[in-house]
Amino acid sequence: MSKTIIISGGCLEEGFVEEVLAQHEDANIIGVDKGMEYLYHHKILPQYIVGDFDSVDQEVIRYYRTETNVAIKEFDPMKDETDTEIAIRLAITLGSKEIYILGATGGRIDHLWANIQTLSVACKSNAKAYILDKRNKITVIDEPCVLKKSEAYGKYLSIFPLNGEVFEFNLRGTKWPLAHHTLKPLDSLTVSNQFQSEEVEIDFPNGLLVIMETRD
């Protein structure tokens, strides 16, 4: 399949998860550690579950082991990757070119930041990965792109460099455009910009950028 939806263990909003699943009925579903409890309680059967299962109700694990044919990939808690990164790598192995990650926000900020950084794993494998919740859509890009106002997740657009300074950064079609700008990691200049034209062009020669489309 060309799409995968990852259900992680952060904040999972009632109804929102089901809405995203309905929009992508042909997608693989991967339950990640505590995220599989949401799937279990809502009678949504994933194709895979992954994680170290250190925070999961053992009845849920028993159910998947004994009463389903769901593929289970269990890892030692002392592993080097987060459970969400493992799920992203599995999605890439399955050939997914679009990956949607739910339950990656809310709760611990260290987990959120790790999840944002992990989006670069998909980006470097030529897959588009998005963290989604009701108010935020987050992705990582390594090449110029065009965003459409009519398709925007919200009216706000924030851009952050992920791996150092980005030179010759150009932003067109926003309320506050930029030309030949050096985008710096410690600079808050590009927070809470807004779509103005139908097309917003993000242009830069190299580097990694975090793109956040947000709404109140």
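Residues numbered from 1 in each chain as written. Predicted model: local features only at pLDDT ≥ 70, side-chain atom pairs only at ≥ 80, totals over all residues. Heavy atoms only, no water.

1. Details of the sheet that holds strand S14 (residues 209-214)
Right, on to step 1. Spatial ordering of the open sheet is given by S4-S3-S2-S1-S5-S6-S7-S14-S9-S12, a layout of 10 strands whose pairing is mixed. The strands lining the two open edges of the sheet, one partner per strand, are strand S4 (71-74) and strand S12 (193-194).
Right, on to step 2. When strand S1 (residues 3-7) meets strand S5 (residues 98-102), the two strands line up parallel, connected through 5 bridges. Bridging from a neighbouring strand, Ile-7 pairs with Leu-102 of S5.
Right, on to step 3. Packed on one face of the sheet, helix H5 (residues 109-124) meets S5, strand S6 (128-132), strand S7 (136-141) and S14 and runs near 50° to S7. (Pairing = 2+ DSSP bridges. Helix = DSSP H or I, 4+ residues; strand = E, 2+ residues; numbered from the N terminus. Contact = heavy atoms within 4.5 Å. Axes fitted to C-alpha atoms, helices over the stretch in contact; angles between N-to-C directions.)

2. As for the side chain of Asp-133
Right, on to step 1. Inspection of the secondary structure puts Asp-133 in the loop between S6 and S7.
Right, on to step 2. Arg-135 provides the closest opposite charge to the buried, salt-bridge-free Asp-133, at an N-O distance of 6.6 Å.
Right, on to step 3. A distance of 2.9 Å separates a polar atom in the side chain of Asp-133 from the backbone nitrogen of Arg-135.
Right, on to step 4. Discounting chain neighbours no more than four positions away, the residues touching Asp-133 are Glu-13, Phe-16, Thr-105 and Tyr-153. (Buried < 20%, exposed > 50% of the residue type's maximum accessible area, 1.4 Å probe, protein only. Lys, Arg positive; Asp, Glu negative; His and termini not counted. Salt bridge = Lys/Arg side-chain N within 4 Å of Asp/Glu carboxyl O. Polar contact = N/O pair within 3.5 Å; in protein donor to acceptor, adjacent residues only side chain to side chain.)

3. Description of the packing of helix H4 (residues 83-93) against H5
Right, on to step 1. Contact geometry for H4 and H5: axes closest at 10 Å, N-to-C directions at 20°. Relative to H5, the element H4 lies roughly parallel. Remark: the crossing between H4 and H5 carries right-handed chirality. Facing H4, whose interface residues are Thr-84, Glu-85, Ile-88, Arg-89 and Ile-92, H5 presents Asn-115, Thr-118, Val-121 and Ala-122.
Right, on to step 2. Among the residues forming the contact of H4 with H5, the class breakdown is 4 nonpolar, 3 polar and 2 charged. (Parallel < 35°, antiparallel > 145°, perpendicular 65-115°, else oblique. Left-handed = near helix turned anticlockwise from the far one by under 90°. Nonpolar A, V, L, I, M, F, W, Y, C, P; charged D, E, K, R; others polar.)

4. Concerning the sheet that holds strand S13 (residues 199-203)
Right, on to step 1. Here 4 strands make up an open sheet; going across it, the order is S8-S13-S10-S11 and the pairing antiparallel. The open sheet terminates on both sides in strands that have one partner only, identified here as strand S8 (145-148) and strand S11 (178-183). Each strand of the sheet is rotated relative to its neighbour by a mean of 25°, with strand direction disregarded.
Right, on to step 2. Relative to S13, S8 is paired through 4 bridges, and the arrangement is antiparallel. Looking across to S13, one finds that Val-146 is bridged to Glu-201.

5. Considerations on the state of the cysteines
Right, on to step 1. All told, the structure shown has 0 disulfides when counted by the stated rule.
Right, on to step 2. Looking at Cys-123, it has no disulfide partner, and the nearest cysteine sulfur is the one in Cys-145, 10 Å off.
Right, on to step 3. You can call Cys-145 partly exposed: its relative accessible area is 22%. (Disulfide = S-S within 2.5 Å.)

6. A short note on the pattern of salt bridges
Right, on to step 1. As enumerated under the stated definition, the model contains 7 salt bridges in all.
Right, on to step 2. Measuring nitrogen to oxygen at the nearest pair gives 2.8 Å for the salt bridge that ties Glu-67 to Arg-62.
Right, on to step 3. Each member of the salt-bridge network shares a partner with another, and the members are Glu-59, Arg-62 and Glu-67.

7. Observations concerning unusual backbone geometry
Right, on to step 1. Non-glycine residue Asp-33 carries a positive phi angle of around 45°.
Right, on to step 2. Within the secondary structure, Asp-33 is located in the loop between strand S2 (28-32) and helix H2 (35-41).
Right, on to step 3. Located in the positive-phi region is Ser-192, a residue other than glycine, with phi close to 55°.
Right, on to step 4. Relative accessible area serves as the criterion here: at 37%, Ser-192 is assigned to the partly exposed category.

The quantities given are spatial measurements derived from coordinates; they are silent on function.
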